[in-house]
Amino acid sequence: MGKRLLGFNDLVIYEDQYWVACNNWNGLYKIDNINEDISFISEFPGEKREQKDLYMRTALYKKRIIFAPSSAKRIAIYDIEHSRWVMLKLENKDIEGKFHDIVVYDHYVFLIGHRYPAIIKIDMEDYTIQYLNDWVEELKTLSGENIPGFVFANKVNDNKILIPQFLSNIIMELDLETNLYRFIKIAVLESNIVGVAKTECNTYLFSTNVLCEVDGQGIVQKIIDLNKVLENLFYYAVRDNNCLYIFPIRSTRQNTAVMIDLQTRKSKSVFLEKQEDHYGNFLCIREIGKKVHLFSRKSNSLIIYDLCKNSCREIQICFKKDFKTNFVEAEDGYMDLPIFFEDLENTYKSHCILEKESYGGRIWEICKTKF
């Protein structure tokens, strides 16, 4: 069967351990930053064992990890100190692709709706949930879209965030203290917004072909043509001093980031993987301190890019041979082991009977080649 691979869409760091929700099946794991060992922690209660992309983004609040559901039915919170779960019920639980970002402010956690028609505000002191959705009809009128389509939020200051609507020219500014919001419509971009970043003085909007600067008076100015350096539609922006880094997400063609000097208005590529033929397809991008963490599905590795040193460290993410798991690789991902055997039986049963041989024996021969 080869290496057993673990993939994920986001991570948090707690006491030098990376905590991740598997995106191939139901499972919470931790990866040791020093020896790179993988440990299984728990399944997410109440979710299907073979379900993919249960949770898209995660956040750490004190000693608890909050998981923003994508295909999962409930919001999950894991208490690291006491090794226990808190599962919060969610209205409209069957929506796929529910949330694409998560923001921590004071003792609140905000889940940013992508296909979900609300921003969820969780009070981490008593786990009460507030649905912020009074903006939904206004956004529909402005954009003509039936889903919010929000992507990665970016902080304006301590209590305000900017949330762009994907492939639109609309940005929501949300006050995390008061829940007040306003929509900003940018009319002069040559194509629709895919990301936003904020400095002390200016806001930077980038589309699929142009980076624009918006000053404090709302004046928009094109500062660089991105056609030659960006090849994807979905990006995550990181600002460091006078530089803006743009990282591709779920791109099959691009394994480099773009670094833009905001003073000189010049750009250059930052190579992120050792092997050029991997071509990225980064599923996880998370900025922690002065390091950006990226999970590459192609090389199945965690790439840690140091903004200060302009260097990369790569951790190969795979289980050791003696690691016990109930899942096996299948053509379209991973399968729960009991389901795998049931599928084998159903597939070969009639065939083997016709040939007057034991289908159990045939399954055994197949399994010996798999493990």
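The structure we're discussing is the one just above.
Not measured: the values here are computed from a predicted model. (Residues numbered from 1 in each chain as written. Predicted model: local features only at pLDDT ≥ 70, side-chain atom pairs only at ≥ 80, totals over all residues. Heavy atoms only, no water.)

Next up on the list: the overall build of the chain. A tally of helices and strands in the chain yields three helices and 30 strands. Here the chain holds 371 residues, and the buried ones make up 53% of them. Pairs at least 24 residues apart make up 40% of the contacts formed inside the chain by residues separated by at least 6 positions. Carbon and sulfur atoms make up 46% of the accessible area of the chain, which totals about 17800 Å². (Helix = DSSP H or I, 4+ residues; strand = E, 2+ residues; numbered from the N terminus. Buried < 20%, exposed > 50% of the residue type's maximum accessible area, 1.4 Å probe, protein only. Contact = heavy atoms within 4.5 Å. Areas by Shrake-Rupley, 256 points an atom, 1.4 Å probe, with all protein chains shown as cover.)

A few words now on the pattern of salt bridges. Applying the stated criterion across every chain yields a total of eleven salt bridges. Note that aspartate 10 and arginine 57 form a salt bridge whose closest N and O atoms lie 3.6 Å from each other. Here aspartate 10, found in the segment before β1 (12–14), pairs with arginine 57, found in strand β5 (residues 55–61); they are 47 residues apart in sequence, far enough to count as distant. An identical accessibility class is assigned to aspartate 10 and arginine 57; each is buried. Overlapping salt bridges, with partners in common, bring together Asp10, Arg57, Asp101 and Arg286 in one network. (Salt bridge = Lys/Arg side-chain N within 4 Å of Asp/Glu carboxyl O.)

Our next topic: empty space enclosed by the protein. This structure, assessed with the given rule, holds two cavities of 30 Å³ or more. Here the largest cavity is characterised by a volume of approximately 40 Å³. Contributing to the lining of the largest cavity are Trp135, Val136, Leu139, Lys140, Glu145, Asn146, Ile147 and Pro148. In terms of residue class, the lining of the largest cavity is made up of five nonpolar, one polar and two charged. Roughly 30 Å³ of internal volume is contained in the second largest cavity. Along its surface, the second largest cavity is lined by Ile119, Leu132, Asp134, Trp135, Leu174, Asn179 and Tyr181. Partitioned by chemical class, the residues of the lining of the second largest cavity number five nonpolar, one polar and one charged. (1 Å grid on protein atoms, 1.4 Å probe; cavity = no way out; pocket = protein on both sides within 12 Å on 5 of 7 lines; lining within 4 Å. Points joined across faces, edges and corners; volume = space filled by probe spheres on them. Nonpolar A, V, L, I, M, F, W, Y, C, P; charged D, E, K, R; others polar.)

In space, the four strands of this open sheet follow the order β25-β26-β27-β28, with antiparallel pairing throughout. Both outer strands of the open sheet, β25 (282–288) and β28 (311–316), are each paired with one neighbouring strand and no more. If you compare each strand with its neighbour and ignore which way they point, the axes differ by 20° on average. The sheet contact formed by strand β27 (residues 301–306) and β28 spans six bridges and is antiparallel. When the sheet's bridge partners are listed, isoleucine 303 is paired in β28 with glutamate 314. (Pairing = 2+ DSSP bridges. Axes fitted to C-alpha atoms, helices over the stretch in contact; angles between N-to-C directions.)

Another aspect to go through is the pairing of strand β18 (residues 203–207). Taken residue by residue, a regular strand's side chains alternate between the two faces of the sheet. Among the five residues in β18, five count as buried, and that is most of the element. Neither face of β18 is left uncovered, since the one carrying Thr203, Leu205 and Ser207 and the one carrying Tyr204 and Phe206 both have all their residues buried. For strand β17 (residues 193–198) and β18, the ladder comprises five bridges, and the chain directions are antiparallel. Paired with glycine 195 across the strands is phenylalanine 206, a residue of β18. Across four bridges, β18 lies against strand β19 (residues 210–214) in antiparallel orientation. Across the sheet, the residue bridging to leucine 205 is cysteine 212, located in β19.

Take a negative patch on the surface next. Taken together, the side chains of Asp106, Glu125, Asp126 and Glu177 present a region of like negative charge at the surface. Locating aspartate 126 in the fold gives a position in the loop between β11 (119–123) and β12 (129–132). (Patch = residues over 30% accessible without salt bridge, like charges linked within 9 Å, V, L, I, M, F, W, Y side chains within 5 Å. Lys, Arg positive; Asp, Glu negative; His and termini not counted. Charge placed at Lys NZ, Arg CZ, Asp CG, Glu CD.)

Before going further, it helps to examine the side chain of aspartate 240. Residue position: aspartate 240 is located in strand β21 (residues 235–240). Within the local environment of aspartate 240, its side chain forms a polar contact with the side chain of lysine 290, the two groups lying 2.5 Å apart. Aside from chain neighbours lying at most four places away, what touches aspartate 240 is Tyr245, Lys290 and Leu307. (Polar contact = N/O pair within 3.5 Å; in protein donor to acceptor, adjacent residues only side chain to side chain.)

Time to look at the side chain of aspartate 306. By the secondary structure assignment, aspartate 306 is in strand β27. Notably, aspartate 306 is buried but unbridged: the nearest opposite-charge side chain belongs to lysine 291, and the N-O separation is 4.5 Å. Ignoring any residue separated from it by four or fewer positions in sequence, one finds aspartate 306 in contact with Lys290, Lys291 and Ser311.

Take it as geometry only, folks, not as evidence of what the structure does.
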